[in-house]
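Each chain, letter by letter, is given below.
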Amino acid sequence: MNTDLYVLLIFDDRYLFIPQHEVESVEIISDVKITDTFEGVVGWFFGHGLESPVYALGSELSLLLEIPKKREYLVLLKAKPQPIGILCDEVENMNFKKEFLHPQDLHVVMDIPDTPISQLLIYQDKMAYICSGTALVKYFSHISKQFSVNDYD
Amino acid sequence: MTEDIAKSSRAWLLNFGGGLKAAVGLHEMSQVLISPTLFDVPTMPRYCSDVVIFQKRILPVLNVPNMLLEGKKVIIVNTKVIGVAIYQDETTESANYGSLFLASMPESIIVSDEDVCDLPEEQKYWEPFAFTCFSYHDITVPIIDLAYLFSEEFSAVKQGIQ
């Protein structure tokens, strides 16, 4: 397993890197069945023999109720019992070693339980966030529950 | 015949805004950055939702009023001044950096043993990381422990983990 390989997701001017080995596949949005929002899920992807919930994140990494027009790709994260999808505007493969990219661990004051971000990186003069697929799946589970609670408030 | 001589030292007086002032040792302020580029980090608490680049390091920028005065909305008049703090990690003894939003430039002052006083009740929020306090121009100023302010331990307390 090459730990230098990442998938870069770009949405709403945010740069999010996920280790490539935690990504199941990259699909196009036309393969997503858009549904009414429920617990933050904006659609479903039927592929790999499974039904995968699809989420749209905003710039604050919060769940969006509607899919922005610029979203064109779906990145499927490996997860049990089914993969989980994130919509993004652009997606790229990145080799940190070849690109001389050196992420830094979050400072301890920022290393909080509610964030999926584990490292930061300056990429193309912007701040990029590195999240493990596992942390993102846990994060989605956490914020989608809050989403449903807020729905009933 | 011996004579008591009050010991005095130089310190930086930091103005965090929101009426909060504290002092740190002269060697604990590495640099002051004026209008640096700040980057926000989503999902972070509002007292540490920004980072700044300093000598290739990505440093958190602490908003002390937001951290200490929970529930109160604090507006910092001038967020263009960032103080870069250097502190020693107690366990590894290595030098670490963090940064702080300041409402004005740090002021170099002289602190004397004669000025030592108690932390007033209305400033008890400083208690976890105040070494001591002194009177300066009719205000009580704590001398704070930066290592604790930037520690995992204090962060855990803020997150309600401990």
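Residues numbered from 1 in each chain as written. Chains lettered and ligands numbered in written order. Predicted model: local features only at pLDDT ≥ 70, side-chain atom pairs only at ≥ 80, totals over all residues. Heavy atoms only, no water.

Contact with chain A, which involves 23 residues of that partner, is made by 25 residues of chain B. Summed over both partners, the interface of chain A with chain B buries about 1,900 Å², with 70% contributed by carbon and sulfur atoms. On the chain A side of the interface with chain B, the three residues burying the most area are His107, Val109 and Met110 of chain A, jointly 31% of the side's total. Where chain A touches chain B, the interface holds 1 salt bridge. Measuring nitrogen to oxygen at the nearest pair gives 2.6 Å for the salt bridge that ties Arg14 of chain A to Asp40 of chain B. Inspection of the region where chain A meets chain B yields 6 residue pairs in polar contact (both at pLDDT 80 or more). Of all the secondary structure elements, the ones that give two or more residues to the side of chain A that touches chain B are strand E11 (117-123) and strand E12 (126-131) of chain A. In terms of residues, the side of chain A that touches chain B owes the most to one element, E11 of chain A, which gives 4 residues. (Contact = heavy atoms within 4.5 Å. Buried area = accessible area lost by both parts, 1.4 Å probe. Salt bridge = Lys/Arg side-chain N within 4 Å of Asp/Glu carboxyl O. Polar contact = N/O pair within 3.5 Å; in protein donor to acceptor, adjacent residues only side chain to side chain. Helix = DSSP H or I, 4+ residues; strand = E, 2+ residues; numbered from the N terminus.)

Judged by nonpolar contacts, the single largest core of 65 residues is most densely connected at Phe140 of chain A together with Phe16, Leu100, Trp126 and Leu149 of chain B. Element by element, the count of residues in this core is highest for helix H1 (residues 133-152) of chain A, at 5 residues. Setting aside residues no more than four positions away along its own chain, Trp126 of chain B makes contact with Phe16, Leu20, Lys21, Ala22, Val64, Leu68, Leu119, Pro142 and Ile144 of chain B. Residues Ile10, Tyr15, Tyr123 and Ile130 of chain A belong to the second largest nonpolar core, which totals 12 residues. (Core = buried A, V, L, I, M, F, W, Y, C linked by side-chain atoms within 4.5 Å. Buried < 20%, exposed > 50% of the residue type's maximum accessible area, 1.4 Å probe, protein only.)

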